[in-house]
Structure formats: structure tokens, C-alpha cells
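Here's the letter readout for the chains.
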Amino acid sequence: LVADDEPVHLYNVIKQDHGLEKALDQYLMEKARSAIQNMQRVKIAADIGNTDRTVGTMLSNLVSKNYGERGLPENTIKIRLTGSAGQSLGAFLAPGIHIDVVGDTNDYLGKGLSGGTIAVFPDEHFSLKTKANEQQITGNVCFYGATRGEAYVRGVAGERFCVRNSGAIVVVEGIGDHGCEYMTGGRVTVLGDIGRNFGAGMSGGIAFIYNPNKTLEAKCNMELISLDELAPEDVNTLRRDVEKHAALTGSVFANYLLDNFAAEIGNFTKIYPMDLKKVIEATKGTPGFRYPNWFPQDHLLPTVSDSPVDQAAKSTNKVLYQQPHVQNAPLVPSQVSSGTIGSVKDIEDVSGDGCGPSGDNKGLKINETAAGVTNYQDFVTRRDGTQGPINKLRGFIEYERNSEPYRLPTDRLQDWGEINLPSTARSDIERKRQAARCMDCGTPFCQTHTGCPINNLIPEFNELIFRDQWKQALGRLLKTNNFPEFTGRVCPAPCEGACVAGLIDQPVTIKNMEYAIIDRAFREGWIVPRPPTFRSGKSIAVVGSGPAGLACADQLNKFGHTVTVYERDDRIGGLLMYGIPNMKLDKRTVQRRVDLMAAEGIKFLTNANVGIDPNFSVQSLKARNDAVVLSVGATKPRDLPVPGRQFKGIHFAMEFLSKNTKTLLDDGNGKLRRWDGSYVTAQGKNVVVIGGGDTGCDAIGTSMRHGCKSLVNLELLPLPPNERGVGNEWPQWPRILRVDYGHAEVKAIFGNDPREYSVLTEEFLGDAEGNVVGIRVVLVEWKPKPNGQPGFDMKKIPGSEKIIPADLVILSMGFLGPEPNIVKGFDLEVDARSNIKAPYGKYNTSYEGVFACGDCRRGQSLVVWAINEGRGAAENVSEYVLSKNAASL
């Protein structure tokens, strides 16, 4: 029982202890040390019990970290385990590791097998004789998602055997229901009975089934597969597999089949996916075609002889089977170069749908048509330096991330042009290569709530880019995103933070892909005005023309309503026009979209200060429209009320940025006029930017283009880590140290990163004329609150005070909600943070017929969230005005 005043903890009450320090893999890694460090062959023996799970996986991780996907040479590490293994033995087993299990195994054997070899067979005191298909030796869902490698199981497996296998070669002596479901590659040989529904959704790979009773058709799902007789190359391949099975497991039944092979070969049936058969028949013999290495071919003659490494090992007695110690010593992996390991051929090497070299040079492209099938071979450079046809299935493994670079800092500081190179600077082949890295995840976190707020269909448009179907990719992109030309430039890409590839490597270049699609669409003339074909008769006012207001107006116009957008500034765009500087988002790009929306029927009114200008009172606005949407942003800046705040030369970041952009646009020549007091200049000044984020970085970049004398960026919070910390696990947005464009520009000119962390501003210092001349600061340290309380305590560090020279101070510390004029005009309720109170997903305020969306409702946020809210508000507003009409009828 818990006292009434005692809190009840429901989350993270007891820390999990997976016992990894006691895992059998710790022993295996210690004994394999010489193999990892020097590629010396080792043999290891150990007992295993059913509490030993995922044995071989940690060892495989160590191999992969040191040698990459190629792993070690065959049979470098040979492991002999005796007993009953727990779940997931050999999961993701890496090349070069061979595991023998003398006994039996549990479910998920060989899950994700990635190049290693597994053999399972009973001990000598329990022989299966010739009726192997009556004795179960392993569990369900074995070799799920295997990609390559080999496995030989002397006995029967349970249900869902080799589901989603894409490249492994497996021999077993009987299986349960749903075998080879959704298999896409690899080769499976079953020397016994199978259960029902075999081959459901099987789109690739080959299966050989021992079928003496000719009952196979009744047990198979015939939707995608055909049952064929064995061709000569099939016979050779089957014999090779059965011979190796007999050699590795001592199978009595396999030896019987080999002794009577001529008589028994007619009892085997080949299961062949029909679409795979068509593709193979149509493309074999064309230039660049190669069979998958699991596909039956004439050159795969039967052989069970040892590899050269095996033969060399037999000539020495230096390496013996080793018994485990009582205590497990942790292994510190040695960093070993992977450059000396030989090439491994994979199924995807034969795919004819590829891309060009990573250096943006076009690869060799061969167009050959056979039986109506076009075979494309775009040769590209893999991350290991080898070249070959592009493949999509293993693109995230074979190709490194190659994001589009910015212009050089020393070049871009000479003008106000975009920091990005033009999208045309990258070849279509390289874009295809980058698109190939998209993994086609079962759950694409990039488009969920942890990734893209507008749920962009990222895997779909990446796949279409890979297929050179750019116009179709545009259709998928515009289905969820009104303004990809904005998000493709200024969004920090939370989708990439949630990318599954980012778990083990760098994420896919999603943001670059998005911009490339929309930029090409404008260049090709695919983006044209498309006014609605009907009008509803409903008029709606949208106040504010930032990303939320524009998205809302765009959607409402598409729904057929008459929309008027009111903007208090002299140009439409809000944050997009005046808040984000030109070097991040060219204002011609913004104006192009505004002109397009105007051509589609949206009316824009500038210099319309609703709630302040008598011509645009809130009452008249409501009276003239069926609904009003407020998307006025969160423009009230957070101040820094310390002594000396009254000195001249201290400005809010948005004032600094917006005046600069307005002057730049008014002049119209891409250059700032000589300073005349119309904007805040940093030329020749010691600039201090207080606060970080995108706005702080934009203030840094603008100051650098003015030609400041020095620049310091003060951050109150501590230095972020280089990698994700505890509590910031994937797929959350990674809170790590980043170097943005402004920081890089300061370092290029002044030689150092401008940021100083854990710095508290205590006082602004001024001269006799009232100008700021410096800032007195002190260092602080952050410590967790005592007694497990959430949060941190800040404490000044004695003796750390210093004065920083400052002729110009820019405050970039965030925003505190919308300005009060409209809120008071409509007498709207606000929340605890002074934002307009309106429930997410509904957006209706306390005033009937008035809705709110974007930063004025949710607080300062991202452009992509503004688009999310604008789209969502539009749906609810449309429903509201149409329901009013229905009610009146």
C-alpha cells in the first residue's frame, strides 16, 4: 500500500538488466580475439543452454565493425556448441563465422543471417536414422529475413521457415506451415514434408522440395509460384546442396539420397516464382546480365571440399578447440582495416536498375530490350571503391551518404545568394544512387510522428526517383506538402533524424531529394496554376501569410472557397519573406509561389495590419467572412532584462534580420546600399549574438556578410554531445552538436567556432553616449536536481567572470507567443504560454468562427509544423463553413 501523499511511479521503476556482461558471446569474442585482430583461424567449443539467446550476434557485430559487410574469410571462426540453444541463435551472423550446434535450437534460428554458416544436427547418441522428417530439431520462424549465408538443418523445422529470405541458401529435412512466405531471394531445399500455404507471396528465390507422393500442389499457395521439373543446372545445384548438407550434418537421409540420386531426382520439384521466371528468361544473355549467386547455374558443380583456408588449417595443430573459462573477459575490439578483404558477390549485382558513380560522373548505361523488357545498367562506385551496377536492395549498405554541399564559405560571403549549390549541380545518376539508400522499411519512421510532421511519403518518392519517374515523384510529394521548395531549403529535416538507416550509418538525403523534385518540376514546367473548377460561395479570411497561413489558404482554395490573405508587411510571405534571410531562402522562390497562388484565385492584401488599422478591424473582418483563420506567428521576442539593457546597439534578432532583408529587396540589385540608418549594420563591429537556434545562426551569417570585426555567440546551456545521449534515443530528433552555415563561415574567416557554452549574461556595459561597448558574463555549470527530481540546477562558477567587447548585441532567445492586438480584439482565450488557445486537430478558438494555427497556437516551431497546422486548420474550417450552410438549409 502507498500513502496518499506518496507518488506512485509508473515508468522506469526498475532498471532493466539484460545481463550482457554474462552473455556467451562475451566468451566467444574473447576467444576470437586473434581472428578479429589478425584474421587467424580459431576454433571454439562451448556448452549452450536455452537461456543463451542471440548467440553469435554480438560477435558478428564486432566482425562487422572491423571488416564491414564483407566480414572475414570463410570459416575463420568455427564455433561448436553443444546443448539446447535459446532463441535467435546466429541472428545476423556475419561472414567468416561458422556455428555447429550439436543438439537442438529454438525459434528464430538464423534470423537475419548475413553471410555466416550454421549447421544443426543431433549428437551421436540420438540418430535420426532415415526418418529425419519425423523429428523436430528447431523452432518456428527460422531464417526470417536472412540476406545471405548458408544453413544446414538435420531435422524438421517449425512454421514460417525462411519467411522474407532474400539471399541465404538453406537445407532442411522438413518444415511446418507457411514456409518461404514473402521470400524474395535465396535457395531453400526441403528433404522432407512441408506444411500448408507454402510459398505465399513468394516473389523471388528458388525452392527444391522432395515430393515423392506428388502432393505438393495441394500444400502450396499457387498465386505467385509455379511447380516445375528440374533443369540440368538445377540437378547440379541440388546435388551440391545435398552433398554439403550430408558433409556438415552427417545426415543419414542425405547420404541415402546421394547413393540413390539417379532414382530419387525425379521425386524433387522446383518451386519457381512466375514473375522471376519471366524476368530471367527475358533478360538472360543481354549485356551486363548476371544470375543471382543463389540461382541454379551450370558452373555450380557439386563440391564439398574444404576451402584453401580450411586446408591450411589442417596442416597445423596450433589452434585447438578451447573450453570456456568461468569468468568472461570483455573484449576491446581492435580497429582493423577492411581494405584487404576480397569482394563478395551478391544477388543485387545482377539488378539492371541502377545509378551512376558517386563522383557525379555518369556511369555506363546500357539499354537492351529483350522480349519487351528494358535492362538498364548504371554502373556506380560503392563505398568500398569497387564499381558495379546499382542495386536498390542493398543500397543503404553499399553506398555512403553524399549530401549536397554548400558553396564555399569564402565564396558565399561575397553575396546574398543562397548558400546551396543549384540542384542542377548534381547529376540524376548520383541522385539515383542516393535514392537507392532508402531501405523500404517495414515501418518508415521518417514519415511518422517522430519524423516528418506532414507525413511526407518519403519511401515512395525515393523509389520513384530511383526509377527515373520524377513526375510521379512530384505527385507523391505534393500529396502531403504544399511548399517543398521551402521545406527543402529551411527545414532541419526531422525525417532524417528518424531515418532507420541512421541507426547504424548516416541517414538518407531526404531533404535534398525533396528539393530536387520540386526544383525540377518548376524547371520542366510541371508546376502551373490549377484554379478550382467550382466555388462554394464561402469566403474565408486568413490573417498572416507565413507558412501556416499560406498552407491554410492554399488548401481552402483547393476546396473551392474564396480566400483572402491579410498581411501587415509590404510583401507576402511572413517569416518566409522577412524572417529567413535570403542566403537560406531566395525571396524569388517565395514570390514565385505567391504568384502561383494568386493565379489560382487567392487574393492577397499587404499593409493590412488587422486589429491596428481601422480599415481592418477584427469586427469588420468577421462580418465580411464566413470564418477567420489567425496564423499571425509567435512574434513577441523574449527579452534579456539585465542591467544596461537600455543601451543603444542591442537589438532583437528578428528586427536585425527583417530590416536587412527589406533593404536588400527594396534595392533590387542583390546588394545592400551604403548604411543610411534604414537597417541595423554590423560592419566593422564587435558582434555578440546571445542565443542559438536557426535564428541565431541567421544573425551570425548576416553579420558576417556585413563585414563584422569579430563575432561571439553565447549559449546559456552546456555544450551538446557529439552523439545521442541517454534519453535521446532514436528515432527522436538527435540533440547533438552541429555546425551550421553561420558557424562554418565564422571559422573560415576568424579561425574559430564562435560559440561559447554555459555562459550567463549578467550586465551590458555602455559608454558616455549610451552605446553598448561590452557584456559582463560568468560561466555556469549545470547539475541534475537532487533526490531524483527532474531537471537541472544552474550554478555560477566563482572566478569565471569576464568582459566581452560588444558594439552590437543581437538577442536570439526565442519568442513568447503572438502580439496581443488581435488576441485582445477577438477577446480570445490564451494558454499558459500566452499562445492562442485552440485544440490541436480542431483549431477552433473561444470565439465562434475564428480559428488559429501555426506558431500563434503551438508556439515557436518549424516551418514544416506550420504547414501541418495550416493544412489541418483548413480541413476543419472547410467543415465548419459547409456545416453552417447545411444547417441553414
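Everything discussed here concerns the structure shown above.
Residues numbered from 1 in each chain as written. Predicted model: local features only at pLDDT ≥ 70, side-chain atom pairs only at ≥ 80, totals over all residues. Heavy atoms only, no water.

> Just to check I follow, could you spell out the overall build of the protein chain for this structure?
Summing up its helical and strand segments, the protein chain has 27 helices and 28 strands in all. By residue count, 52% of the 889 residues in the protein chain fall in the buried class. Contacts in the protein chain between residues at least 24 apart in sequence constitute 63% of all its contacts with a sequence separation of at least 6. By element, 51% of the accessible surface of the protein chain is carried by carbon and sulfur atoms, the whole surface being about 40200 Å². (Helix = DSSP H or I, 4+ residues; strand = E, 2+ residues; numbered from the N terminus. Buried < 20%, exposed > 50% of the residue type's maximum accessible area, 1.4 Å probe, protein only. Contact = heavy atoms within 4.5 Å. Areas by Shrake-Rupley, 256 points an atom, 1.4 Å probe, with all protein chains shown as cover.)

> Would you take a moment to explain the sheet that holds strand 5 (residues 148–153) for this structure?
Two modes of strand pairing occur in sheets, parallel and antiparallel, and in both the strands are linked by backbone hydrogen bonds. One open sheet accounts for 10 strands, arranged 1-2-3-4-5-6-7-8-10-9; its pairing is mixed. Of all the strands in the sheet, the pair left with one neighbour each is strand 1 (42–48) and strand 9 (225–228). Between one strand and the next, the sheet's axes are offset by a mean angle of 15 degrees, whatever the strand orientation. Sheet topology note: the strand 7 (residues 184–190)/strand 8 (residues 204–210) ladder contains five bridges and is parallel. Among the inter-strand pairings, T184 is bridged to a residue of strand 8, identified as G204. (Pairing = 2+ DSSP bridges. Axes fitted to C-alpha atoms, helices over the stretch in contact; angles between N-to-C directions.)

> I would appreciate a short explanation of the sheet that holds strand 28 (residues 850–852) in the present structure.
The strand order across the open sheet built from five strands is 17-16-15-18-28, with neighbouring strands paired in parallel fashion. With one partner strand each, in any of the chains shown, strand 17 (603–605) and strand 28 form the two edges of the open sheet. Here the strands of the sheet are splayed against their neighbours by 20 degrees on average, with no regard to which way each runs.

> Even after reading the chapter, I still don't get the environment of L808, so can you show me in this structure?
Here L808 lies in strand 27 (residues 808–811). Residue classification places L808 among the buried residues on the basis of a relative accessible area of 1%. For the pair L808 and Q683, spaced 125 residues apart in sequence, the C-alpha separation works out to 9.8 Å.

> Teacher, can you tell me more about the nonpolar core here?
Within the largest apolar cluster, 73 residues are counted, with the highest numbers of intra-cluster contacts made by F461, I517, L556, L576, F604, V629 and V877. The element contributing the most residues to this core is helix 27 (residues 863–888), with nine residues. Contacts of F604, omitting those with residues within four sequence positions, involve L550, V565, I572, V594, M597 and A598. By size, the runner-up hydrophobic cluster in this structure holds 57 residues, among which are L89, A94, V190 and A207. (Core = buried A, V, L, I, M, F, W, Y, C linked by side-chain atoms within 4.5 Å.)

> Just checking my understanding: could you explain the packing of aromatic side chains for this structure?
Both the distance between ring centres and the angle between the ring planes are used here to describe each pair of aromatic rings. A full pass over the atoms with the stated rule returns 13 aromatic pairs. Here F483 and F486 contribute two aromatic rings whose centre-to-centre distance is 5.3 Å and whose plane-to-plane angle is 40 degrees, an arrangement assigned as tilted. For F483, a relative accessible area of 0% gives the class buried. Ring centres of F826 and Y847 lie 5.2 Å apart, and the angle between their planes is 75 degrees; this geometry places the pair in the edge-to-face category. Of this pair, F826 sits in the loop between helix 25 (820–825) and strand 28 while Y847 sits in the loop between helix 25 and strand 28, and the two are 21 residues apart along the sequence. Relative accessible area serves as the criterion here: at 2%, F826 is assigned to the buried category. On the basis of relative accessible area, Y847 is assigned to the partly exposed category, the value being 34%. Members of the aromatic cluster, connected to one another through ring pairs, are Y210, F253, Y256 and F268. (Phe/Tyr/Trp six-rings, centres within 6.5 Å; stacked < 30°, edge-to-face > 60°.)

> Just to check I follow, could you spell out the side chain of N625 for this structure?
With respect to the element layout, N625 can be found in the loop between helix 21 (618–624) and strand 18 (627–630). Polar side-chain contacts of N625 include one of 2.8 Å to the backbone oxygen of L621. Setting aside residues no more than four positions away along its own chain, N625 makes contact with S539, I540, A541 and Y566. (Polar contact = N/O pair within 3.5 Å; in protein donor to acceptor, adjacent residues only side chain to side chain.)

> Which parts of the structure should I look at to understand the pairing of strand 15 (residues 539–543)?
Along a regular strand, successive side chains alternate from one face of the sheet to the other. The element strand 15 is extensively covered by neighbouring structure, given that four of its five residues are classed as buried. The pairing of strand 15 with strand 16 (residues 562–566) spans five bridges and is classified as parallel. What sits directly across from A541, in strand 16, is T564. Where strand 15 meets strand 18, four bridges bridge the pair, whose relative direction is parallel.

> What is the right way to look at the pattern of salt bridges in this model?
Should the charged atoms of two oppositely charged side chains come close, the side chains can pair. This structure, assessed with the given rule, holds 54 salt bridges. Between D586 and R588 there is a salt bridge, and its shortest N-O distance comes to 2.8 Å. Accessibility expressed as a relative area gives 67% for R588, which makes it exposed. Between E869 and R857 there is a salt bridge; the shortest N-O distance is 2.6 Å. (Salt bridge = Lys/Arg side-chain N within 4 Å of Asp/Glu carboxyl O.)

> Please clarify how the environment of C452 should be interpreted in this entry.
With respect to the helices and strands, C452 occurs in the loop between helix 12 (428–435) and helix 13 (458–466). Given the relative accessible area of 4%, C452 is considered buried. Along the sequence, C452 and E496 sit 44 residues apart, while their C-alpha atoms lie 8.6 Å from each other. Beyond its immediate sequence surroundings of up to four residues, C452 is in contact with C446, Q447, I458, C495 and V864.

> Would you mind going over helix 1 (residues 24–31) with me for this structure?
Residues spaced three or four apart along an α-helix point in a common direction, a consequence of the helix completing one turn every 3.6 residues. Across the eight residues of helix 1, seven count as buried, placing the element largely inside the fold. Listed as buried for helix 1 are L24, D25, Q26, Y27, L28, M29 and K31. In this fold, the buried residues of helix 1 make contact with helix 2 (33–38), strand 1, helix 3 (57–67) and strand 2 (77–84).

> What is the right way to look at the side chain of K584 in this model?
The residue K584 is located in the loop between helix 19 (575–579) and helix 20 (587–599) in this model. Relative accessible area serves as the criterion here: at 10%, K584 is assigned to the buried category. Sequence-distant contacts of K584, defined by excluding residues within four places in its chain, comprise E418, R489, V490, D694, D698 and Y741.

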